[in-house]
Each structure stands twice: as structure tokens, then as C-alpha cells.
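Each chain, letter by letter, is given below.
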Amino acid sequence: MRRRLSGPVDVTQLVVSGIGLVILLFVVYRLVATLMGGTYGVSTYASQAIFGLAQGGIYALIALGYTLVYGILFMINFAHGEIFMGGTYIAYFVIAAFDRSGFLESNPLLAIVATVATAMTASVILALGLERIAYRPLRRAPRLVPLITAIGASLFLQYAFRGLFGTGVKVYPDTHLHVAGIDILGGRYDIGGMVVRPIYFVVFLMAVTLMLALWILVQKTKMGKAMRAVAEDKDTAALMGIDVDRVVVLTFALGAALAGAAGVMFALYNKQVTHTMGFIPGIKAFTAAVLGGIGNVPGAMLGGFFLGLAESTFPTLLGLDSQLKDVIAFGLLVLVLIFRPTGILGEVLSRKRA
Amino acid sequence: MLKRSLRRGALVGGVLVFIALIGAPAAFAREPVVRGVVTLSQLLLAIGALLAGSGAAPATRTRSTGAVVAAGAIAGAVCMLLLALLALLVSAVDLRQVLVNATPQLVDELTLGRGVVTGSTVLVVLGTVLGALGGWSTRLPAAISRSAVLAGAAVVVVGVLRDKGLAIAEAVALGVAVWAVAYGRSRWGSALATRYQRVQRRNSTMVSIVVWIAGLFILLGLPSILGTYGTSVLDLVGLYVLMGLGLNIVVGYAGLLDLGYVAFFTIGAYVTGLLTSPAASTQLGLSFWIAWPLAMVAAAGAGALLGIPVLRMRGDYLAIVTLGFGEIIRILVLSDTFKSVLGGAQGIIEIPGPSIGSFTMMRPQHFYYLILIGVMIVVFVSRRISDSRVGRAWMAIREDEDVAEATGVNLVKYKLLAFAMGASFSGIGGAIFASWVHSVFPNSFTLLVSINILSLVIVGGIGSIPGVILGAFFLVGLPEVLRSFADFRMITFGALLVAMMIARPEGLWPAKSRRRELHLEVAE
Amino acid sequence: MSAAANGHPVCLSARRVTKRFGGLVAVDSVSIDIPERTVASVIGPNGAGKTTFFNCITGLYAPEDGDILFQGRSLVGYRPDSIAAMGIARTYQNIRLFSAMTALENVLVGQHAHLRSGVFGAIFRPSSTVLEEERAQQEAREMLAFVGLPGRGDLLATSIPYGGQRRLEIARALASRPKLLLLDEPTAGMNPQETDDLMHLIERLRDELALTVLLIEHDMRVVMGVSDQVSVLHYGTKISEGTPKEVQNDPRVVEAYLGTGGSHGHA
């Protein structure tokens, strides 16, 4: 439904295209320069890519929460990053207790599973509370109203955690889990001059597994069918006997569970937990969701991995300061929304009006 | 009815437990309201019990007074029982590993310093009494109870603002006086208002001139009344009013939710820094009076430029993209890439204050007048423009973009105009800020500033000029004055945003049109 | 099957206009000529592409194929606001007033395109702006009176009763001084009395204001009562055209309404 703007020359369109062209040229130029320069070997890019895939898996899992909720309610759950933070934070107390009692060392697999379960539960509880208190009364309000509410909720959750648990940084304990002689959680291995951390593979695989599970749930089960029906048309679905409230609650719960799991995985290699840790991954995951086409489940997965890879490799590839990592994510978001507002996979952004 | 009491008591009790665990009682214990009698933290508990009691009373008037009082008492008791249990738990188990505020001091505060067992009992008894009082208060005529709430609020605010709290006699006198005025107003207020209106209509220009002159004198005299600290708080409020009114144009008039608004404040501040500071990379050392308009123009230009790519985006996308812009600008300013020009994390220092002849503005009192001029200009422009062809075009875009366009409004032109004008206000504020604090650092310009501004616009009343000013006083001025409150500022903002959107989306002081909407609903 | 020629030059000429949404052809090669000072109706079952055709004229959609000429000038590719400024105004099927604004303000927004004052005028209020504003308000009040809402200017748009809101939309459209007025189901939801009044209003638009009116309407009483010319759309194609009488007796029209699109209520 793109409409042409005006018959004669459209200045704004020109300006936008010009900006796009300049950025494209810059990227190509820096890319060629870096690759020709040959400062970095293949191993640099390989290790960046491995990290990027793990990070991308995290983004993808969080992005699914945005996309699921957007698909059904057409609202951006701005506080989703705080759901991710909340689960990770609560689970920290569990894993720290396991660490003190020695359970983490004696039985790491069980301890981690319990930690992940805690995080998922905590995230789900937070999300359901949020939906019940803040979002449900506003379901038929103009679109900006729930967005502002979500910003408020995000702020509230961050500072509630700060108030309850203090300002200090919590650090996830070191964990080790040996499978076939390899420490798949805490190990670092030097393979041909390249440092490899198996945890990145573990995170990547876990993320993919969770996504597959979600995919099956949405495509194959009755509940998934109800979700898709509500996404298509709330009122008709309600007429067909689907309990819309229940589906909305389930959607929030699913998204939150994925975010909670992602949080523990993130903390296993990133270690640090603070009350503000949800903000940046939240925004980036939103970017990933938009990249893939918001409302589109495979799109969120693809977008997440793409963003993870882009973020880890672009600074080197383009010869930029690694401080500018976040600019890449935000820049991608802006560029995608300008040039392909429907995302990579191009899900229909159903506008209710027009 | 019992169920309602229990639920209400548990709800308020739960909220109080949460408030206790984020550390409010300990912080508020340092705020005596009535000297030697009651602190803010004790009042917090008392207010909770009163609310639980009044909320437990059924809405209908069918129940007897006794039943209502009983319902209130039960709710109050339940509410305080939860807190007593919390005190018991905290004193028995050391939870500080997890909950940082579960300290012995908290137990002390909750049990009123009387030891766990006695204190808990006292707490529950007090809760029962206050809850009963709250329940009973619902049977009073609205005029009386509302005036009482107002009187109580006045005593609390004044007591907190006074360093050592009020003396008992002062508190009683103030409470009674406010109560009497409020009660009188609600009884005879409308008659007075019509009298006033009649006077006003008869010689309207005279009255409005007198009001304006009086207002101007008060505004001009404020710094000498408030002293240095008070004036510097006022300066901060003024800066936020400037920015709030700018954002109000973008969000309130044109309906474009901009979360990266701080970017233009940053640009205004940095342009001023670069142009005026002899220590900046540019070494221009120009006068503030040259830099000021340039900062404004630069911010407006940036507003229009950043507006171009987002022209076709709607609502929530626009919000996130502008948020992205705000962050990009902050990261770029902070980065080593532009360090040679913008100074990276070290920012720009030695920014001189504005000078007139040989006089250089240094003290908050001086800046007060500068900010006052800025605010007056911005208020004037906002008012004029809201009531013009441009303002109508913006509001039409806010109401329905497609229809506005089909009615002949050029969306490109008016959206960019809104972005540019909103940004220019922020640029004015940024320039004053830079010369006021004599330096600019990238970390002064975080997303939280944008959210602060958005909060005050929304809480005050979106699209409403007096609303924005009120919002700035509430959300910026009050936390600045209530130092013990500072730690709870952001969490309150968050809760306020949610609560306002659910309960009162039009804000504390709604814009004209929205108030009209409400009035009509009442009239119907 | 000639258009109801009243000796006036052609105001709007749609030539083989086609608009697709994905695989769906919403408007398929539709050609319609409307002479000036005519009331022309477009009718057809729900989903026939009538509103899409409107949206192509007003520039909300760009047709994939074909051309739309307004007073001999192509509209295709122009933005809606430029098209509005050329002299085309419209109303909406589901009333779309600026709800937080007063009735007068709604009409004043309609006048936007032929008012001049900008930011400078708004802030400094030179005498030219003050004068322009006074005239605009005067004209807006007259416009409200013309559509039958005298003295209602200060009411909030949403507080006006339903029938009045439809009239207010017409006043807003008239305020842009159009030569061609598109009305999208103006009598939907009205009672018979209100419908009669509106039919009368449409005739006054043509006779007193010399407007060309293009009407989408389901109520056959209205269509047959006020139209000089009727075109029938069915699944995006034009299946019949002529005077109300000619169209009524066209077997294809009867079939479209009763044969396949039998779910339709009014016809």
C-alpha cells in the first residue's frame, strides 16, 4: 500500500534516497578498504561471527516477545526489555544460592535448568501482572496511550528492581559443565590461534531449539491456531468462541518465558546483571523484530540473528570504533523503517485505517 | 462485604509492603512533618490505613454507619497486619542478601521503635482505628471530607518543606485554616466565582491588566523571596518548561510522539559550548548572545532534518525511531570518533556565562531572568500558534492524518514545521543550560531526560500550556525540593505515567478542547 | 449509453483506471466522464470498488493503470493535499471528523488551502492575518448555516448528533471551495426525514453552488432521486451507466444485485 507522494519532483523523497545512497556508498567504501587492507584474518571474523550468532539468538528470543504481542494487540510492549531483566535478576538469586551451597558445582545441569525455569517463571509473572494492571484497561484506547503506559511501566520496573535489590551489579557465578571432556559453559579453547568459547554454540543451539518449539506451538497446536485467529481479527475470533483475553494472556506469557530463558543464557556469558540491563537488549530486539517484519515470527528470528551478526562484525568490517556498535543497531533500525517499513520478510503491517 | 474489606486491605497492604521494601520508610523517617509528633514515614503508613478503610466501604449508602466503620476497621487491620508480618519476618530472618532495604531500621520504622512484638500490636491496633476512621469518613458530606483531605495535604507539604517540620500549634492552625477556606469555597465558591466574573466582565481590560501586573511583579520578585537554592530549583523548572512546551508542540499539537527530544537540547548546548567556550576545539569564544540564536537555529534545523526520514511513519514506529536518533546522537557525541571536536566524555568546559557590558551572569538569580524571558517568549509563541491556521493544521494531523491531507494540509510541511519549532524551543533551553552550568557533558543528555520531559507533558496535560508548567513544577520542582524523595523519583514517574494513562489521560490541567469534551459529558 | 449531457464541459474524466491490491483487482479499467454541474452516482454491491475508486481520485491511492483527468489535468501522482487544492473535496463513509476540535475549527481546517498566514502571521498577528482570520471565521459560520448547522460552531465535533456530523463533514469539504465534491454514502444511518433533507442539500450544492457532485450511495431512493447520471460497479468493473431510469432497467444491474450479490440489503 505504498503510495506515490506527488506528481512533480518530491523533495523529501529525494533527500531520503540521497541519505540512503550516501550511507550505502560509505558502507561499500569502508568494506572494500578493510577487506583490501587485510588487517584482520579470517579467524577474527570467525570468532566475531560465532559471538554474533549467540548474541543474535538472544535478540531473536526477545524479539519474539515483541512480535507475538504486536501481532495480536498491535502495540509495542516497550517494557519487554524489563521482563527480560526481571527474570534474569530473580534467577540470579537462585543460581547464587546454588553456587554457595555447592549444588552448582556438583550438579551443574540441574542447577542451570532450575535457574532457567525460575527466570522463565519470574518473567511470566511480571508480564502477566503488567498485562493485567497496565495494558488490559487500555486495549481499545488510541495507539499512543498504551505506548506511553508501556514506557511508564518500563521505568517503574527498572526502578522497582533498583529499589528492592539495590544499585550494585550482580555477577552470575562461573559455571562449568563438562560434556565429552569439553567445558561447554565456562571453557575457552585455543584452536589455531582463535579463542573459541563453546558457550556461544550452546546459547545458539538453545535459542534455535526454543524457537523451533515456539514455531511448532504456533503452527501445530490448537492454542497456536487460536493465537493466529486473534491476530487476524479479534472481534471475529471472539465471535467464533475464542476467549480473546486468554489468548492475549498466553501470548504475553509465551513471549515472557522466551525472554526469561534468553536472560539466563545472556547472563551465563555476559555475567553482569543490573536493573538497567534490559534496556539496550530490549531496544535491539525490537530492532530485530522490525528488521524481520514485526508481527512475523520467522522474521523475528531472522532479524535477531542478522542483527547479532551485523553488530559483531560490522565495526571491524567497516573500520569503525567499537564504541559505535550501538549506532549500527539504531542505524539499521532507522534505515529499515525508512526504506523497507515492512521488514525483510515483509509481513503486512495491517493498518486499521485507510 | 467481608471479602471486599479483606481484598482492599490486602491490596493496600501489599502496596505498602512494596513501598517499605524499596526503602521509603527509612528515607522518609528523616522528614518530620509535625515536630516531635509524626514523620513522613509514619504518615505514609497512616494514609495507607485510611485509604484501605475508605476504600473498603461499599459505594452504596444502604449500609449502616456501623457496618461501614467495621468494614474500614477490618481493611485497616489487614493492611497493617501485612506490615507487621513483614516486620516480624525481617527481624527474624536476614534478607539483606536479596532485599537491600530489609534492614533493622525498617523494622524500627514499621514498629514505631517499640520493639517487634509491642510495635506490631500497636501497628495493627492503629491500623484498625485509622481504617475505621477511613470507613466513617465516607459517610461524611463530600464537602467536609474533601476539604479535610486538602487540609491534610497542605500540612504534609508545608511540614516537609520546612526543614524541621511544623510545630504542633502551627500544624493545627494551618490545617484548620486550609480546611475552613476549602470548605467555604466548596459551599460558597460558585457564588463568588460568578461575582468575580461579573466584575471581570464589567471592566475586563482593567481586571486583566491588574492581574497581569500583579503576576509580573510576583514573577520578578521571586528570586529575592526564594533565595539562591530556591531560585536554582526554579531555574531548573524553567528549563524543563521550555523543553516541555517544545515537546508539547510536537506531541500535544501535532500528535507526533518524539522520544529522542533530548537530542535537540544536546545540540543547543553543544553549539553554545563550541561557539562560546575558549577551551573548545573551535576556540571561537563568541558572545552568548550570538550563540543563543544560532543554537536555536541549529536545533530547529536538526529537528527538520531528523523529521524528513520519519515523515511517513505513524505513532509507535515514530516513537522508537526518534528514540534511536536520540541515542545515536548521544553515542556519537560520546565517541572517540568526534572527540577532537566535541571532547568525547570530557565534554566542553569553561563555557562563559552571558554578559551584558561588563556584567556577567553567574548566579542562579541572574539566570532566572534569562530563563523567565525564554519561557515567556515560548509561552507567547505557543499560545499564539495554537490558535492559528498553523495550529489548526497540526491538530488536524493529530486527529486524523489522512483526512487532514485530503482536506488540503501539506503533511510534509506541517510535520517538519512541528519538529523544527519543537526542537528550537529545546535549543533555546540547551543554550541557557550550557552557559548556566558552564560545561556540557554527553552524560547529561540521556534518554531519561526525554522521558522526564514526556512525563511532565503528559502528567500536566498534553496540549495544554498551563498543564506543562504545572507538570514541570510537580515532576521537576517537587523532587528537587524533597531531597529524601529523590531516590523514588523515577519509580514515581513510571507509576504516574501508567496511572495517568489509565485514570486521567487528559492530564492534571487539560487542554481547552479536551476539557470541553469533559464538560459536555458532564452536561449530558 | 451516453452520459447525461447537460451541455457543460467535462469536470472529471476517469480513463481505464485500474487499482490492484496484491492479487485482487479492486478497480478494473473503469472509465467514467462527469460533466460539470452534475450529480453523478456510483453504485454497486459491497466490495464493488466504489470507495477505492474515490481513493484513487483523491490521491490516497495511486492507480496502477489509467488516468484521471480533472478539468483536463491529470491527477495521477499528485499528493492528496495538492489534489484538494485543485478543487476536489470529499466526505467519508465512516464519519471522520477531527473529534477533539470544534465544528468551527473543523470547517476552518477545510479552508486551510486558501488561507495564507503562516508561522510569522500566527506569532505577530499583523493586520492582514487578523483580517484573514475574521473573514475565514465568517465564511465558516456561513458554511455551517448552509448545511443546516447554524450557530453550532462552538460545539465539539463529536457532541453534534449523528446526522449533523454528516452535514459537518460536508461543510468542511465545502470550505475548501471545491469544484468537485465526492460524497461517500452521505445518508448512511440516517432516518427518512434526515435523508430527505440531505437530498435537498445535494440538489442545492449543484444548483446554488454550481458544484459537480460524485456520490456513492446505497439508498436507491437517494440515487434515483438526485442523480443525473448513474454508473454501476461490480467486482471492480463498470457494468452499466446512464440515467437512473436506464440503469434501473438494465438486466445486468438486476443480475449483479440479485443474482450473484444477493446479500445486499437496500436494492
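Here, residues in each chain are numbered from 1, in the same order as that chain's written sequence. For this description, chains carry letters from A and ligands carry numbers from 1, given in the order in which they are written. Side-chain atom pairs in this predicted model are given and counted only at pLDDT of 80 or more, local residue features only at pLDDT of at least 70, and totals for whole chains, interfaces and linings cover all residues. Hydrogens and water are ignored here; the side-chain numbers use all heavy atoms of the structure.

1. Some details on the overall build of chain C
Part 1 of the reasoning: In terms of helices and strands, chain C carries 10 helices and 10 strands.
Part 2 of the reasoning: Against the compact-globule benchmark of 18 Å for 267 residues, chain C has a radius of gyration of 19 Å, which places it among compact chains.
Part 3 of the reasoning: Seen through its principal axes, chain C has C-alpha atoms that stretch 65 × 40 × 40 Å.
Part 4 of the reasoning: Here the term buried applies to any residue with accessible area under 20% of the maximum for its type, exposed to any over 50%, and partly exposed to those in between, with areas from a 1.4 Å probe on protein chains only. Within chain C, the fraction of its 267 residues that count as buried is 58%.
Part 5 of the reasoning: For chain C, the share of sequence-separated contacts (at least 6 apart) that also reach a separation of at least 24 residues comes to 69%.
Part 6 of the reasoning: Roughly 10700 Å² of accessible area belongs to chain C as shown, and the carbon and sulfur atoms make up 51% of that amount.
Part 7 of the reasoning: Each charge class in chain C was averaged separately, 26 positive and 30 negative side chains, and the resulting centres sit 4 Å apart. Comment: elements are numbered from the N terminus, with helices defined as DSSP H or I runs of at least four residues and strands as E runs of at least two. Here the radius of gyration uses the C-alpha set of atoms, whereas the globule reference equals 2.2 Å times the residue count to the power 0.38. Any two residues whose heavy atoms approach within 4.5 Å at even a single point are treated as in contact. Values of accessible area rely on a 1.4 Å probe in the Shrake-Rupley scheme; residue burial ignores everything except the protein chains shown. Residues scored as charged are limited to Lys and Arg (positive) and Asp and Glu (negative), so that His and the chain ends carry no count. Charge positions come from single atoms, namely NZ of Lys, CZ of Arg, CG of Asp or CD of Glu.

2. Structural notes on the interface of chain C and chain B
Part 1 of the reasoning: Listed as interface residues are 31 residues of chain C and, on the opposing side, 32 residues of chain B.
Part 2 of the reasoning: Looking only at chain C, the three residues that lose the most surface to chain B are F98, H112 and I123 of chain C, adding up to 20% of its buried area.
Part 3 of the reasoning: In what follows, salt bridge is the name for a side-chain nitrogen of Lys or Arg lying within 4 Å of a carboxyl oxygen of Asp or Glu. Put simply, chain C and chain B have 3 salt bridges between them.
Part 4 of the reasoning: For D400 of chain B, the salt bridge is made with R96 of chain C, and the minimal N-O distance between the two is 2.9 Å.
Part 5 of the reasoning: Here a polar contact is taken to be a pair of N or O atoms separated by no more than 3.5 Å, where protein atoms must pair a possible hydrogen donor with a possible acceptor and residues adjacent in sequence count only if both atoms sit in side chains. Remark: the boundary between chain C and chain B carries 10 residue pairs in polar contact (both at pLDDT 80 or more).
Part 6 of the reasoning: For the side of chain C that touches chain B, the elements supplying multiple residues, two or more each, are α2 (80-86), α3 (103-110) and α4 (119-124) of chain C.
Part 7 of the reasoning: Residue composition of the side of chain C that touches chain B, by class: 16 nonpolar, 7 polar and 8 charged. By definition, the buried area sums, over both parts, the 1.4 Å-probe accessible area that each loses when the two are put together. Gly counts as polar in this scheme, as do all residues outside two lists: the nonpolar Ala, Val, Leu, Ile, Met, Phe, Trp, Tyr, Cys and Pro, and the charged Asp, Glu, Lys and Arg.

3. What to know about the domain arrangement of chain C
All names here are of chain C.
Part 1 of the reasoning: Splitting chain C by domain gives domain 1 (1-87 + 178-267) and domain 2 (99-175).
Part 2 of the reasoning: A domain assignment, automatic or from a database, supplies the domain bounds used here. Of note, the centres of domain 1 and domain 2, computed from C-alpha atoms alone, are 27 Å apart.
Part 3 of the reasoning: Taken residue by residue, the interface counts 19 residues in domain 1 and 10 residues in domain 2.
Part 4 of the reasoning: Both faces combined, the contact of domain 1 with domain 2 buries some 1100 Å², and carbon together with sulfur accounts for 73% of it.
Part 5 of the reasoning: By the criterion of area lost to domain 2, the three top residues of domain 1 are P178, M190 and L201, representing 30% of everything that side buries.
Part 6 of the reasoning: Inspection of the domain 1/domain 2 interface yields 0 salt bridges.

4. Section: the interface of chain B and chain A
Part 1 of the reasoning: Residue-level contacts link 53 residues of chain B with 55 residues of chain A.
Part 2 of the reasoning: Together, the buried faces of chain B and chain A total about 4800 Å²; carbon and sulfur atoms form 75% of this surface.
Part 3 of the reasoning: Interface area lost by chain B to chain A is led by R312, Y317 and I320 of chain B, which between them contribute 15%.
Part 4 of the reasoning: Breaking the side of chain B that touches chain A down by element, the ones donating at least two residues are α1 (2-21), α12 (315-334), α16 (401-406), α18 (447-460) and α20 (489-503) of chain B.
Part 5 of the reasoning: It is α12 of chain B that provides the largest number of residues to the side of chain B that touches chain A, a total of 13 residues.
Part 6 of the reasoning: Classifying every residue of the side of chain B that touches chain A gives 35 nonpolar, 8 polar and 10 charged.

5. Structural notes on the nonpolar core
General note: in soluble globular proteins, nonpolar side chains tend to be found buried as a group.
Part 1 of the reasoning: Grouped together as the largest cluster of nonpolar side chains are 275 residues, with contacts concentrated most on I58 and L64 of chain A together with L83, L86, Y240, W394 and I432 of chain B.
Part 2 of the reasoning: Here I432 of chain B is in contact with L239, L242, F288, W292, F367, L370 and I371 of chain B, once residues within four sequence places are set aside. Put simply, a nonpolar core is a bunch of buried Ala, Val, Leu, Ile, Met, Phe, Trp, Tyr and Cys residues held in one set by side-chain atoms that sit within 4.5 Å of each other.

6. So, helix α7 (residues 198-220) of chain A
Part 1 of the reasoning: Each helix should span, by expectation, one fewer than its residue count multiplied by 1.5 Å. Relative to the 33 Å expected for 23 residues at 1.5 Å per residue, α7 of chain A spans 33 Å between its end C-alpha atoms, a close match to the ideal helical length.
Part 2 of the reasoning: Considered for burial, the residues of α7 of chain A that qualify are P198, I199, Y200, V202, V203, A207, M211, L214 and V218 of chain A.

7. Side note on the packing of aromatic side chains
Aromatic rings in a pair are described by how distant their centres are and how their planes are angled relative to each other.
All names here are of chain C.
Part 1 of the reasoning: Aromatic pairs are defined between Phe, Tyr and Trp rings, using the six-membered ring for Trp, whenever the two ring centres lie within 6.5 Å; interplanar angles under 30 degrees are classed as stacked, those over 60 as edge-to-face, and all others as tilted. Evaluated as defined, the whole model comprises 33 aromatic pairs over all chains.
Part 2 of the reasoning: R96 extends its terminal NZ or CZ atom over the ring of Y92, reaching a point 5.1 Å from the ring centre.
Part 3 of the reasoning: Counted as over-ring charges are cases with an Arg CZ or a Lys NZ within 6 Å of the ring centre that also lie within 35 degrees of the ring normal. A cation over an aromatic ring shows up here: R172 above the ring of F98, its NZ or CZ 4.8 Å from the ring centre.

8. Details of the pattern of salt bridges
Part 1 of the reasoning: This model, assessed by the stated rule, comprises 27 salt bridges over all chains.
Part 2 of the reasoning: With a shortest N-O distance of 2.8 Å, R221 of chain C and D196 of chain C are connected by a salt bridge. Within this pair, whereas R221 of chain C is found in helix α8 (residues 220-226), its partner D196 of chain C is found in helix α7 (residues 192-207), the two being separated by 25 residues in sequence.
Part 3 of the reasoning: For R221 of chain C, a relative accessible area of 41% translates into the label partly exposed.
Part 4 of the reasoning: Judged by relative accessible area, D196 of chain C falls into the partly exposed class, the value being 34%.
Part 5 of the reasoning: Across the salt bridge formed by D228 of chain C and R206 of chain C, the nearest N and O atoms sit 2.9 Å from each other. With a gap of 22 residues between them, D228 of chain C in the loop between α8 and β9 (229-234) and R206 of chain C in helix α7 connect regions that are remote in the sequence.
Part 6 of the reasoning: Taking relative accessible area as the criterion, D228 of chain C reaches 25% and is therefore assigned partly exposed.
Part 7 of the reasoning: A network of salt bridges, in which partner residues are shared, links E131, R136, R139 and D245 of chain A.

9. Focus: the sheet that holds strand β2 (residues 24-35) of chain C
Residues and elements named next belong to chain C.
Part 1 of the reasoning: Reading across the sheet, the 4 strands line up as β2-β1-β4-β5 and stay open at both edges, with antiparallel pairing between neighbours. Each edge of the sheet is formed by a strand with only one pairing partner; in this case those strands are β2 and β5 (73-74).
Part 2 of the reasoning: Taken together, the 8 bridges between strand β1 (residues 10-21) and β2 define a ladder with antiparallel strand orientation. Paired with K19 across the bridge in β2 is V27. The criterion for strand pairing is that DSSP finds at least two bridges linking the strands in question.

10. A few points about the sheet that holds β9 of chain C
Residues and elements named next belong to chain C.
Part 1 of the reasoning: Strand order across the open sheet formed by 6 strands is β6-β7-β8-β3-β9-β10, with mixed pairing between neighbours. The sheet terminates laterally at β6 (88-90) and β10 (237-242), the two strands that pair on one side only. Strand-to-strand, the axes of this sheet are offset by a mean angle of 20 degrees, without reference to chain direction.
Part 2 of the reasoning: One ladder, built from 5 bridges, connects β9 with β10; its direction is antiparallel. Opposite L233, over in β10, you have K238 as the bridge partner.
Part 3 of the reasoning: Across the face of the sheet, helix α6 (residues 162-175) comes into contact with β6 and β7 (180-184) while running at roughly 160 degrees to β7. All axes here are fitted lines through C-alpha atoms, helices being fitted over the stretch that makes contact, and every angle between N-to-C directions spans 0 to 180 degrees.

11. Observations regarding the pairing of strand β4 (residues 65-70) of chain C
All names here are of chain C.
Part 1 of the reasoning: Two strands pair when backbone bridges link them, and β1 and β4 are joined in this way by 5 bridges, in the antiparallel orientation. Looking at β4, one finds that T18 is bridged to D65.
Part 2 of the reasoning: Here 2 bridges tie β4 to β5, and the two strands are oriented antiparallel to one another. Looking at β5, one finds that L69 is bridged to S74.
Part 3 of the reasoning: Once β4 ends, the chain turns through 2 residues before running back antiparallel as β5, passing Q71 with a positive phi of about 50 degrees.

12. Things to note about the packing of helix α19 (residues 465-481) of chain B against α20 of chain B
Working note: a packed helix pair is described by the angle between its axes plus the distance between those axes.
Residue and element names in this part refer to chain B.
Part 1 of the reasoning: Two numbers describe how α19 lies on α20: the axes approach to 11 Å, and their chain directions differ by 150 degrees. Overall, the two elements α19 and α20 adopt an arrangement that is roughly antiparallel. Of the two possible hands of crossing, α19 and α20 adopt the one that is right-handed. Here α19 contributes L475, V476, P479 and E480 to the contact with α20, which in turn contributes R489, F493 and L496.
Part 2 of the reasoning: When grouped by side-chain class, the residues that make up the contact of α19 with α20 number 5 nonpolar, no polar and 2 charged. To sort the angles, those under 35 degrees are grouped as roughly parallel, those over 145 as roughly antiparallel, those from 65 to 115 as roughly perpendicular, and the leftovers as oblique. In a left-handed crossing the near helix is turned counterclockwise from the far helix by less than a right angle, and in a right-handed crossing that turn is clockwise.

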